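# Structure assessment
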Amino acid sequence: MRYAAQKGTKDILPAEIYKWHKAERVFAGVCHDFGYEEIRIPTFEQTDLFQRGVGDTTDVVTKEMYTFNDKGGRSITLRPEGTAGVVRSYIENGMASLPSPVRMFYNITAFRYEKMQKGRMREFHQFGLEAFGSEGPSIDAEIISVVDIFFRKMGIKNIALHINSIGCPVCRNKYNEMLKDYFRPHVDTMCEDCRARFEKNPLRMIDCKIDGEKDVVRNAPRLIDHLCDDCRAHFEGLKSRLDAVGIKYEIDPNIVRGLDYYTRTVFEFVSENVGTQGTICGGGRYDGLVENCGGAPTPGIGFAMGVERFLLEAEAQGISFEENDSVKIYLAGMSDAANTKIAKICYDLRLNGIGCETDLMNRSFKAQMKYAGKSGIPYLAVIGDDELASGQVNIKKMEDGTVTPVELDKIADFLTAK
Ligand code: HAM
């Protein structure tokens, strides 16, 4: 029997993990610079949280959730995204009593039963953040800056930022009525999803994957033209703050996002390199979600970035991730006594935070040299009885072949100075 990874899942192999580590490190660093702390939430939650939080008219909830009954008969769902779980944790752990805004970032796996495509997986990873308690629009611009700075630090260019406002319940309800009047004569010709949305959430008809390109949808009234005064002022505030820091954006009235919790600001970072799944990062404001999940009314905002999509983009842009450079030196032993000494040298080096490797396979000297040469480890030291007697070893820099004599108990000092 040969087992294979499940459809839509992928191993992240040791040979590529350095890319993930770098992206994770840079993302966490940028979040810390903005005052965000990491939160780790459970992989599964009770199903109702997502139905209520993400919204029971969304594709994510109606078609894509991994839902099952556990042995205790509870309906459990593997998280399809992070926001609902973070909101649940915010409420459950009484974080409303902390100084606002309460800011958290995360690095999670998420699960959606979707048709496989480039950049579309069933188990995927998201870098994300959520901030509670600030009405914005300063924080709206700030979280967009987090993504912008992350991209810049990773060397990624030319990702288009699209922004929109989808209003508050007041202007959106009015707009939904207007949309219903507009779509009523056409609804019978539209897809099944649109017919369901016509009743429950007409706004979502605007970004229908099936009918979205039809003239009737393209010519529909745009919510951005019907915002109430407060929502318009909020959107203008966001634009002026983005202008102030020099972040370029396009206003895209068709972004409504696929999850029901959004209010006012919505945004997406889009690229052409990730196949049809061009959205690398999406987010927005969700001022009603905490209350909807049982907490006190609290404004909230956040985003999530698909890490696989980000890495596809990085690859398409030819971004070089530094190679794994944690191992600094390979120590080859020529005798039993030398190997014993090497074990002690390695122990001390590692205790000092200096990565090193030695032979663990009983390889011949020649095979050890071959291994060291291929491994990309920058320094090599060969220790035999002569070196034990003299207490000194020649350390070779593999890049250019230069050799430096170093005392056996000063190897750490030599490497630290490099
Ligand atoms: P989302 O737009 O559903 O938003 O997902 C965010 C990102 O996750 C997408 O832009 C995409 O890069 C990635 N993604 C989504 N589905 C897949 C998939 N099947 N395979 C690979 N990558 C995928 C959210 O999840 C919201 N929770 C974002 C948010 C946080 N809004 C406010 N706070």
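Quick notes on the rules
- Residues numbered from 1 in each chain as written.
- Predicted model: local features only at pLDDT ≥ 70, side-chain atom pairs only at ≥ 80, totals over all residues.
- Heavy atoms only, no water.
- Pairing = 2+ DSSP bridges.
- Helix = DSSP H or I, 4+ residues; strand = E, 2+ residues; numbered from the N terminus.
- Axes fitted to C-alpha atoms, helices over the stretch in contact; angles between N-to-C directions.
- Near = heavy atom within 4 Å.
- Polar contact = N/O pair within 3.5 Å; in protein donor to acceptor, adjacent residues only side chain to side chain.
- Areas by Shrake-Rupley, 256 points an atom, 1.4 Å probe, with all protein chains shown as cover.
- Domains from an automatic or database assignment.
- Parallel < 35°, antiparallel > 145°, perpendicular 65-115°, else oblique.
- Left-handed = near helix turned anticlockwise from the far one by under 90°.
- Contact = heavy atoms within 4.5 Å.
- Nonpolar A, V, L, I, M, F, W, Y, C, P; charged D, E, K, R; others polar.
- Disulfide = S-S within 2.5 Å.
- Buried < 20%, exposed > 50% of the residue type's maximum accessible area, 1.4 Å probe, protein only.

### Comments concerning the sheet that holds strand E14 (residues 379-383)
One key point about sheets: their strands pair by backbone hydrogen bonds, in either a parallel or an antiparallel sense. Read from one edge to the other, the open sheet built from five strands follows the order E13-E12-E14-E15-E16, with strand pairing classed as mixed. Strands at the two margins of the open sheet, each flanked by one partner only, are strand E13 (355-358) and strand E16 (403-407). Here the average twist between neighbouring strands, direction ignored, is 30 degrees. The pairing of E14 with strand E15 (residues 392-397) spans three bridges and is antiparallel. Considered in E15, the bridge of Leu 380 is made with Lys 396.

### A few points about the site of the ligand
The local shell around the ligand holds 27 residues, among which Glu 81, Glu 114, Met 121, Glu 130 and Tyr 262 are the closest. Separating a nitrogen atom of the ligand from a side-chain N or O atom of Tyr 262 is a distance of 2.6 Å. A distance of 3.3 Å separates a nitrogen atom of the ligand from a polar backbone atom of Phe 303. In isolation the ligand offers 660 Å² of accessible surface; the protein chains occlude 96% of this area. Among the secondary structure elements, those contributing two or more residues to the shell around the ligand are strand E6 (123-132), strand E10 (279-285) and strand E11 (300-306). If you tally residues by element for the shell around the ligand, the top one is E10, at six residues.

### What about the domain arrangement of the chain?
By a frequent convention, interface size equals the accessible area lost on bringing the separate parts together. By the assigned domains, the chain splits into domain 1 (17-168 + 228-316) and domain 2 (327-416). Computed from C-alpha coordinates alone, the two centres of domain 1 and domain 2 are separated by 47 Å.

### So, the packing of helix H5 (residues 138-154) against helix H9 (residues 229-245)
Running from N to C, H5 and H9 point in directions that differ by 45 degrees, and their axes come no closer than 8 Å. Taken together, the axis directions place H5 and H9 in an arrangement best described as oblique. At the point where H5 passes H9, the crossing takes the right-handed sense. Contacts from Ser 138, Asp 140, Ala 141 and Ile 144 in H5 reach His 234, Leu 238, Arg 241 and Leu 242 in H9. Class assignment for the residues of the contact of H5 with H9 results in four nonpolar, two polar and two charged.

### Quick word on the sheet that holds strand E2 (residues 44-46)
Pairing in this open sheet of three strands is antiparallel, and the strands run E2-E4-E3 from one edge to the other. Lying at the two open borders of the sheet, with one neighbouring strand each, are E2 and strand E3 (66-69). Averaged over all pairs of adjacent strands, the angle between their axes in this sheet comes to 30 degrees, without regard to strand direction. Both E2 and strand E4 (residues 75-78) contribute to a ladder of three bridges, which runs antiparallel. When the bridges of E4 are listed, Glu 45 appears paired with Thr 77.

### Looking at the state of the cysteines
Covalent bonding between the sulfur atoms of two cysteines is what defines a disulfide. Considering all chains together, one arrives at zero disulfides under this definition. Of all cysteine sulfurs in the structure, the one in Cys 208 sits closest to Cys 191, which takes part in no disulfide; the separation is 3.6 Å. Among the residues examined, Cys 191 registers a relative accessible area of 11% and is labelled buried. Left without a disulfide partner, Cys 281 is nearest to the cysteine sulfur of Cys 31, which lies 11 Å away.

### Brief notes about the environment of Glu 399
On the secondary structure map, Glu 399 appears in the loop between E15 and E16. Taking relative accessible area as the criterion, Glu 399 reaches 70% and is therefore assigned exposed. Remark: the alpha-carbon pair of Glu 399 and Val 61, spanning 338 residues in sequence, is separated by 54 Å.

### A short note on the environment of Glu 45
Within the element layout of this structure, Glu 45 appears in strand E2. Sequence separation between Glu 45 and Ser 75 is 30 residues, and the spatial gap between their C-alpha atoms is 8.8 Å. Excluding residues within four positions of it along the chain, Glu 45 makes contact with Phe 50, Ser 75, Ile 76, Thr 77, Gly 85 and Arg 88. At 2.8 Å, the side chain of Glu 45 and the side chain of Arg 88 are in polar contact.

### Description of the environment of Ala 343
Structurally, Ala 343 can be placed in helix H12 (residues 336-351). For Ala 343, a relative accessible area of 46% puts it in the partly exposed group. Residues Ala 343 and Gly 333, spaced ten residues apart in sequence, show a C-alpha to C-alpha distance of 9.7 Å.

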